[in-house]
Structures are given as C-alpha cells and as structure tokens.
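This is what each chain is made of:
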Amino acid sequence: MNKGDGPYSYAQNSSYQRGVVDAAKEMIGEAIADKLDIKHLSFASLNAFCIADFGCSVGPNTFIAVQNILEPVEFKYQTQGLNSRIPEFQVFFNDHVTNDFNTLFTSLTPYKRYFAAGIPGSFYNRLFPKASLHFVHSSNSLHWLSKVPKEVLDINSPAWNKGRIHYVGSAKEVLEAYSAQYAKDMESFLYARAQEVVDGGLMALLIASLPDGILHSQTTTGMLYELLGSCLMDMAKTGVVSEAKVDSFNLPIYYTSTKELEAIIERNGYFNIERMEKMDQPMMQATPNLQMCTLHTRAVMEGLIKEHFGSEIIDELFNRYTEKVAESSFVLNLENRKVIELFVLLKRKMTN
Ligand SMILES: C[S@@+](CC[C@H](N)C(=O)[O-])C[C@H]1O[C@@H](n2cnc3c(N)ncnc32)[C@H](O)[C@@H]1O
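In this report, the structure presented in the accompanying data block is examined.

Analysis parameters
- Each chain carries its own residue numbering, running from 1 in the written order of its sequence.
- Residues qualify for local features only when their pLDDT is at least 70, as the model is predicted, and side-chain atom pairs are given and counted only at 80 or more; totals for whole chains, interfaces and linings, by contrast, use all residues.
- Computation of side-chain values: all heavy atoms of the structure, hydrogens and water removed.
- Secondary structure elements are taken from DSSP: a helix is a run of H or I of four residues or more, a strand is a run of E of two residues or more, and numbering for both begins at the N terminus.
- Burial classification: accessible surface area is computed with a 1.4 Å probe over protein chains only, and a residue below 20% of its type maximum counts as buried, one above 50% as exposed, and the rest as partly exposed.
- Here, residues are in contact when the closest pair of their heavy atoms is within 4.5 Å.
- Methods summary: accessible areas were calculated by the Shrake-Rupley approach with a probe of 1.4 Å, and residue burial reflects only the protein chains presented.
- A side-chain nitrogen of Lys or Arg and a carboxyl oxygen of Asp or Glu constitute a salt bridge if their distance falls within 4 Å.
- By nonpolar core is meant a set of buried Ala, Val, Leu, Ile, Met, Phe, Trp, Tyr and Cys residues that side-chain atoms within 4.5 Å join together.
- The aromatic pairing rule takes the rings of Phe, Tyr and Trp, using the six-membered ring of Trp, and pairs them if the centres are within 6.5 Å, calling planes under 30 degrees apart stacked, those over 60 edge-to-face and the rest tilted.
- In the cavity and pocket records, a cavity denotes points on a 1 Å grid over the protein atoms alone where a 1.4 Å probe fits but cannot get out, a pocket denotes an open set with protein on both sides within 12 Å along at least 5 of 7 lines, and lining residues are residues with an atom within 4 Å of a point.
- Grid points are joined across faces, edges and corners, and a volume is the space filled by probe spheres set on the points.
- Gly is put with the polar residues, along with every residue not named as nonpolar or charged; the nonpolar set is Ala, Val, Leu, Ile, Met, Phe, Trp, Tyr, Cys and Pro, and the charged set is Asp, Glu, Lys and Arg.
- Each axis is a line fitted through C-alpha atoms, and for a helix only the stretch in contact is used; angles between axes span 0 to 180 degrees, taken between their N-to-C directions.
- Two helices cross in a left-handed way if the nearer one is turned anticlockwise from the farther one by less than a right angle. They cross in a right-handed way if the turn is clockwise.

Focus: the overall build of the protein
Here is step 1: For the protein, the count of helices and strands is 11 helices and eight strands.
Here is step 2: If one aligns the C-alpha atoms of the protein with their principal axes, the spans along those axes are about 70 × 40 × 35 Å.
Here is step 3: The buried share of the protein, reckoned over its 352 residues, is 54%.
Here is step 4: Looking at the protein alone, contacts between residues at least 24 apart form 84% of all its contacts between residues at least 6 apart.
Here is step 5: A total accessible area of about 15200 Å² is found for the protein, and carbon and sulfur atoms account for 52% of it.

Written as structure tokens, this is what we have:
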C-alpha cells in the first residue's frame, strides 16, 4: 500500500487537518515553555536539538509542526540568557517507506533553519539510536494500526467480521480485537520511543479519538465507514465484487478513548503524562457538507480500496457512496461529529 501517495496528500492538505496542526501551536508553545528543562544534563551541552515528526506525509503540515516546535525552543534559550548556547536543529521526517519523500523534500524551503533527513519505516519499530531525540511530534497518524487484527479475518473466530469493513456496528468481539491490536501497537510505539528519547525529552501527540463513553457507531465517521461498507456489500450482491473479497477487507483504523490511552501509557511506564486534553478545533464548528464528506473519505480510503479490489470499482463505489451520504441526515448533522483530536504531552522519565 502506498500510504504516501495522492490520497494521503489530499487528506493532509485538507483544511480540517491544517486546523488541527494550527490549533496545536499554542499547546506546543506552552509545553516547551513549561516542561522542557533546557538546563538539564540531556540538553545542557547539546550540539544539535533533534526533532522527529512521525507520520509526516508529504507536507505542508509537517513543516508547520516543525516551526511550531523550533521557534519556542529558540525563544526559551534566549529568555533564559542562553543565547550563545542555542543549538543547531536536526529534523527527521518519518513515514512509511512508500511515502513520497521526493515531494516532501522538494517542498522544503532552502531557507529553513534546520538540517533535514528522511527516516523511512513504520513508527511501530525502532528507527533511531538510543537517547538521540529531544522532541517527538506526531499528528493524525496514530489511529492507523500496524495491521488489521488477524481474528477479524478468521472465519473460525467469533471476531470474524463478515459483511463489514470496520468494527462499527459489528459484534463486540470485533471491537475487542481492534482494541487489543491498538494496545499492542501503542505499546510498541511507546517502547520504541522510550529508547530513542532522551531523559526529560518531550512527545507531543495529536491523536484522533472518541470522548469517553461514546461509541464509534454514534459518530459521523463511524456512520461513514458503515455506509462505505454497505456500498461494497451492495456491489457484491450485483456481482461487481465477490462477497468473500468484501469479507476480507477491513480498515486498519482505530479511535481510542482518553481512558484507554491513559491506561496504555501508564502500563508502558516510561513516560509521565504532562497534559492530555481535547483540542479546540475551529474546523469542527463547520457544518459538514456532502462534498467534504465524500472527498475526504475517498482521499483517505482510495489507496486501500484499490490495493484490495483493484481500481476498476472505485468510481462506481464512490458514486454509490455519495448517494447514500446525501440521503443520510445523521452524517450531515454537526451534533453527531463526536470524533475529537486529543493533545497528549508526554515527558520521558529519568532512567536510573
Ligand atoms: C493523515 S496523514 C497525517 C499527516 C500529517 N502528520 C498531518 O498531520 O497532516 C497520516 C500519515 O501517517 C502515516 N503512517 C500511518 N501509519 C504509519 C506507520 N506505522 N509508520 C509511519 N507512518 C505511518 C501515513 O503514511 C500518513 O502519511
């Protein structure tokens, strides 16, 4: 799957996602002002302050995020009278090996104030040497699982997800399988970063999630996944795709809750939770419209669908989908848009 191709670049250029990265600016500034101890051993004699953005895609959001980190760090050195000690900055852009890093680096302004490098590979694995990162950032990426949980593809499992493409509206075993996969993936992410981040280093994570107590089936995104799945089933009935092919297609996406995420971070034990709160997103106030819903879903899903079903079905699928979304008063009701963006600030605990 090429997760760095057109669809992703559309999705991350959408005003919704830009809104998320912009809204984080203030919170990241506060995190650096209040929580980054630049006089600590790990920072005191630095040659380079190392920043990594995990799941960077192709820009421009990643460039904005880097600026949002770099400027307050410089400012902190200045205001603490450490002008002469301001380090150089090294920025690492991470995404899957299939990401379009050429587009990313071509868009990078030559006037940037940092050294840049691409780090291809899954962020669920180790990607950096021990204690080499000072600030980690990731936005809109950690709801992507490393894989579809194997139980939902197993015809003999109670979690077999027949006739659906996601856990929304499925048996509780399906949701449990997704939740277990998410916990495993987040543990891998936190364990890998715990090795790579220096003592006292910070991680700012912007994670799409659900408010505690809300089911995904009660949200607009949940309903959109249901509608997409039902279009595929309609196409199976008319013989355009086989039913078995639909049964074996599931979205590797999971929306956690505050409680669940907090428990995972605490179990991992390497980071203190400095802040965890719902972000104010100006874009969330906008009334969702038909075009926005269908374009966004197509942008995010097209690559996955093509890979599984081939490109021939795409136009028919999204024509059917647009019709169903147009008929759904639920989807176009702002009240039902309950997916939130969580801002999570973690600080690496001191090693003994
Ligand atoms: C929706 S985009 C977000 C891009 C950007 N961070 C933003 O906020 O606009 C999600 C990105 O996460 C990347 N991604 C998903 N899973 C990943 C993984 N396991 N390792 C590295 N990157 C991953 C995708 O390839 C994609 O580029």
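Section: the pattern of salt bridges
Here is step 1: Applying the stated rule across the entire model yields 16 salt bridges.
Here is step 2: Between Arg126 and Glu196 there is a salt bridge, with the nearest N and O atoms lying 3.5 Å from each other. Within this pair, whereas Arg126 is found in the loop between strand S3 (115-120) and strand S4 (133-139), its partner Glu196 is found in helix H6 (residues 172-196), the two being separated by 70 residues in sequence.
Here is step 3: With a relative accessible area of 40%, Arg126 lands in the partly exposed category.
Here is step 4: Residue classification places Glu196 among the buried residues on the basis of a relative accessible area of 0%.

A closer look at the side chain of Thr294
Here is step 1: By secondary structure assignment, the location of Thr294 is in helix H10 (residues 290-309).
Here is step 2: On the basis of relative accessibility, which here comes to 11%, the residue Thr294 falls in the buried class.
Here is step 3: Contact partners of Thr294, with chain neighbours within four places excluded, come to Tyr321, Thr322 and Val325.

Thoughts on the nonpolar core
Here is step 1: Ranked by internal contacts, the top residues of the largest apolar core, which has 71 residues, are Phe189 and Ile305.
Here is step 2: Those residues in contact with Ile305 that lie beyond four places of it in its chain are Leu228, Phe249, Gly310, Ile313, Ile314, Leu317 and Phe318.
Here is step 3: Listed in part, the 35 residues of the second largest apolar core include Ile32, Leu36, Phe93 and Leu206.

Considerations on the packing of aromatic side chains
Here is step 1: This model, assessed by the stated rule, comprises 16 aromatic pairs.
Here is step 2: Between Phe93 and Tyr114, the ring centres sit 6.4 Å apart and the planes meet at 50°, which makes this aromatic pair tilted. You can see Phe93 sitting in strand S2 (residues 88-95) and its partner Tyr114 sitting in the loop between helix H5 (101-107) and S3, a full 21 residues away along the chain. Take Phe93 and Tyr114: they sit in the same class, and that class is buried.
Here is step 3: On the basis of an interplanar angle of 65° and a centroid distance of 4.9 Å, the ring pair of Tyr167 and Tyr178 is categorised as edge-to-face. Here Tyr178 lies in helix H6 and Tyr167 lies in the loop between S4 and H6, a separation of 11 residues in the sequence.

Examining the layout of surface pockets
Here is step 1: Estimated volume of the second largest pocket: approximately 340 Å³.
Here is step 2: Around the second largest pocket, the lining is made up of 21 residues, and of these Leu175, Leu210, Ile214, Leu215 and His216 lie nearest the centre.
Here is step 3: Listing elements by their share of the lining of the second largest pocket, those giving two or more residues are H6, strand S6 (256-257) and helix H9 (258-268).
Here is step 4: Of all the elements, H6 adds the most residues to the lining of the second largest pocket, at three residues.
Here is step 5: In the lining of the second largest pocket, the residues fall into nine nonpolar, eight polar and four charged.

Overview of the packing of H10 against helix H11 (residues 314-327)
Here is step 1: The interhelical angle for the contact between H10 and H11, taken along N-to-C directions, is 145°, at an axis separation of 10 Å. Crossing hand, H10 versus H11: right-handed. Between H10, through Leu290, Cys293, Thr294, Thr297, Arg298, Glu302, Ile305 and Lys306, and H11, the contact on the second element is made entirely by Ile314, Asp315, Leu317, Phe318, Tyr321, Thr322, Val325 and Ala326.
Here is step 2: Here the residues of the contact of H10 with H11 sort into nine nonpolar, three polar and four charged.

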